[in-house]
Amino acid sequence: MTITAREAAFMTQEIYEVQVPPGDEIAETCALADASRDLGRYDKAEGLLRQALAIAEKSLGPDDLGTASILNRLGVLHKYQGRYDEAEPLYRRALDIVDAALGHDHLHAAGLYHNLGGLEHARGRAAEGEAPARWALRIRERELGPDHPDVAADKAALAAILDAQGRFAEAEDLYHQALAVFERIYGPEHYEIAVNLNNLAAIHQARGDAANTAEAERLYLRTLEIKEKVLGPDHPDLAMTLHNLATLLAGLGRSGEAVAHYRRALDIFESTLGAEHPHSLICRECFEEAVERT
């Protein structure tokens, strides 16, 4: 089983250095939380976001757009943690605030629809995620134009949802559209490039013939190269691609190679996400099956 997802973008180290207004406690706390989340330090990020949310609800009010922004951040974090049932009400509450203040077709609403679609994908309910993902894309393409990175991210998110439904041709086309924008804006070694290469690899893997399988392996290896450079050697998102490559190799009968990649992925998942996270559970099961075949 592969692990494919269109996650919200991880920040690279230089982005962590963005300036926030001096003395703005909420902005400073959220910036630290974002950096902690993107480094895979999820427990620290959660504590910081809950601190920021308490401050925002008291100083700004429970229905302020600033409060909605923190609710969205916390929802994203819970998705990464595999706490899907806790993420949804946070997104829904944030969307209610944005809808009341700005309307359901505002750019701020688009980001939340994007995240709701991604959450359904992560839950294994891709069909339910298609409508919010398409609505997000419609809003942002109208407001920002087809060549904006947020529109590319929406296309990649929708592609992952279509991919999960077996609609490979539609998904592949959207991934390539997103990649063209990301490569032009960010260059060849950005995190967004790695995400889309990983997901393209999964499509080639699913097709199953020799040529597609070889292309999948090439794309997974390129993804690993970028992710290790951008995220470091112990990040859970790196472990996703290690797991996917291991699954490909196991299917080719290369069990010894698969075991090595599964072992490394499992070590990362369990140390960063915990032993009961869905990714850890899937990876452990696949690892044990691969060991039995060696």
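Described below are features of the structure shown in this document. Sequence order as written defines residue numbering, which begins from 1 separately in each chain. Residues qualify for local features only when their pLDDT is at least 70, as the model is predicted, and side-chain atom pairs are given and counted only at 80 or more; totals for whole chains, interfaces and linings, by contrast, use all residues. To get the side-chain values, take all heavy atoms of the structure and skip hydrogens and water.

1. Regarding the pattern of salt bridges
No. 1: Any Lys or Arg side-chain nitrogen located within 4 Å of an Asp or Glu carboxyl oxygen qualifies as a salt bridge. Tallying each qualifying case throughout the model produces 28 salt bridges.
No. 2: We note a salt bridge from Glu170 to Arg167, for which the minimum N-O separation is 3.0 Å.
No. 3: The classification of residues rests on relative accessible area computed with a 1.4 Å probe and restricted to protein chains. Under 20% of the type maximum is buried, over 50% is exposed, and intermediate values are partly exposed. You can call Arg167 partly exposed: its relative accessible area is 26%.
No. 4: Put simply, Glu217 and Arg254 hold a salt bridge, and the shortest N to O gap is 3.0 Å. Pair noted here: Glu217 is in helix 11 (residues 210-231) and Arg254 is in the loop between helix 12 (236-251) and helix 13 (255-272), with a separation of 37 residues, a long-range link.
No. 5: On the basis of relative accessible area, Arg254 is assigned to the partly exposed category, the value being 27%. Working definition: helices are DSSP H or I runs of at least four residues, strands are E runs of at least two. Numbering for both runs from the N terminus.

2. Considerations on the packing of helix 9 (residues 168-186) against helix 10 (residues 191-207)
No. 1: For the pair helix 9 and helix 10, the least separation of the axes is 9 Å and the interaxial angle reads 155°. If you check the angle between helix 9 and helix 10, you find them roughly antiparallel. For the pair helix 9 and helix 10, the crossing hand works out as left-handed. When helix 9 is examined against helix 10, the residues Phe168, Ala169, Ala171, Glu172, Tyr175, His176, Ala178, Leu179, Phe182, Glu183 and Tyr186 are found in contact with a partner set consisting of Glu192, Ile193, Asn196, Leu197, Asn199, Leu200, Ile203, His204, Ala206 and Arg207.
No. 2: Polarity classes work like this: nonpolar for Ala, Val, Leu, Ile, Met, Phe, Trp, Tyr, Cys and Pro, charged for Asp, Glu, Lys and Arg, and polar for all others, with Gly in that last group. Tallied by class, the residues present in the contact of helix 9 with helix 10 amount to 13 nonpolar, 4 polar and 4 charged. All axes are obtained by fitting lines to C-alpha atoms, using only the stretch in contact for helices, and the reported angles, taken between N-to-C directions, cover 0 to 180 degrees. Convention used here: angles under 35 degrees read as roughly parallel, angles over 145 as roughly antiparallel, angles from 65 to 115 as roughly perpendicular, and any remaining angle as oblique. Left-handed is the label given to a crossing in which the near helix is rotated counterclockwise from the far helix by less than a right angle, and right-handed is the label when the rotation is clockwise. Note on contacts: a residue pair qualifies if any of its non-hydrogen atoms lie within 4.5 Å across the two residues.

3. Here we look at helix 8 (residues 149-164)
No. 1: Multiplying 1.5 Å by the residue count of a helix minus one yields the expected span of that helix. The terminal C-alpha atoms of helix 8, which comprises 16 residues, lie 23 Å apart, in line with the 22 Å expected from a rise of 1.5 Å per residue.
No. 2: Most of helix 8 sits inside the fold, with 14 of its 16 residues counted as buried.
No. 3: Residue Gly166 follows helix 8 closely and has a positive phi angle near 80°.

4. A few points about the nonpolar core
No. 1: Nonpolar core, defined: a set of buried Ala, Val, Leu, Ile, Met, Phe, Trp, Tyr and Cys residues in which side-chain atoms within 4.5 Å join the residues together. Counting 83 residues, the largest nonpolar core has Leu49, Ile70, Tyr91, Tyr175, Tyr262 and Phe269 as the members making the most contacts within it.
No. 2: Those residues within four positions of Tyr175 in sequence are excluded, and the remaining contacts are Ala156, Ala159, Ala160, Asp163, Asn196, Asn199, Leu200 and Ile203.

5. A short note on the side chain of His277
No. 1: Mapped onto the secondary structure, His277 falls in the loop between helix 13 and helix 14 (278-293).
No. 2: Between N or O atoms, a polar contact is any pair within 3.5 Å; within protein, one atom must be a potential hydrogen donor and the other a potential acceptor, and residues adjacent in sequence are included only when both atoms are from side chains. Here the side chain of His277 touches Tyr80 through a polar contact of 2.8 Å, landing on its backbone oxygen.
No. 3: Excluding residues within four positions of it along the chain, His277 makes contact with Tyr80, Gln81 and Gly82.

6. Topic: the environment of Leu281
No. 1: Within the secondary structure, Leu281 sits in helix 14.
No. 2: The sequence separation of Leu281 and Leu266 amounts to 15 residues, and the corresponding C-alpha distance is 8.8 Å.
No. 3: In this view, Leu281 contacts Ala275 and Glu276; residues no more than four positions away in its chain are not counted.

7. Here's the deal with helix 9
No. 1: Taking 1.5 Å as the rise per residue, helix 9 with 19 residues should run 27 Å; its terminal C-alpha atoms sit 26 Å apart, in good agreement.
No. 2: One or two positions beyond helix 9, positive phi appears at Gly187, with a value near 90°.

8. Some thoughts on the packing of helix 2 (residues 25-38) against helix 4 (residues 65-80)
No. 1: Viewed as axis vectors pointing N to C, helix 2 and helix 4 meet at an angle of 15°, and their least axial separation amounts to 12 Å. The angle between helix 2 and helix 4 falls in the class roughly parallel. The hand of the helix 2/helix 4 crossing is left-handed. Counted together, Ile26, Cys30, Asp34 and Arg37 of helix 2 and Ile70, Arg73, Val76, Leu77 and Tyr80 of helix 4 form the full contact between these two elements.

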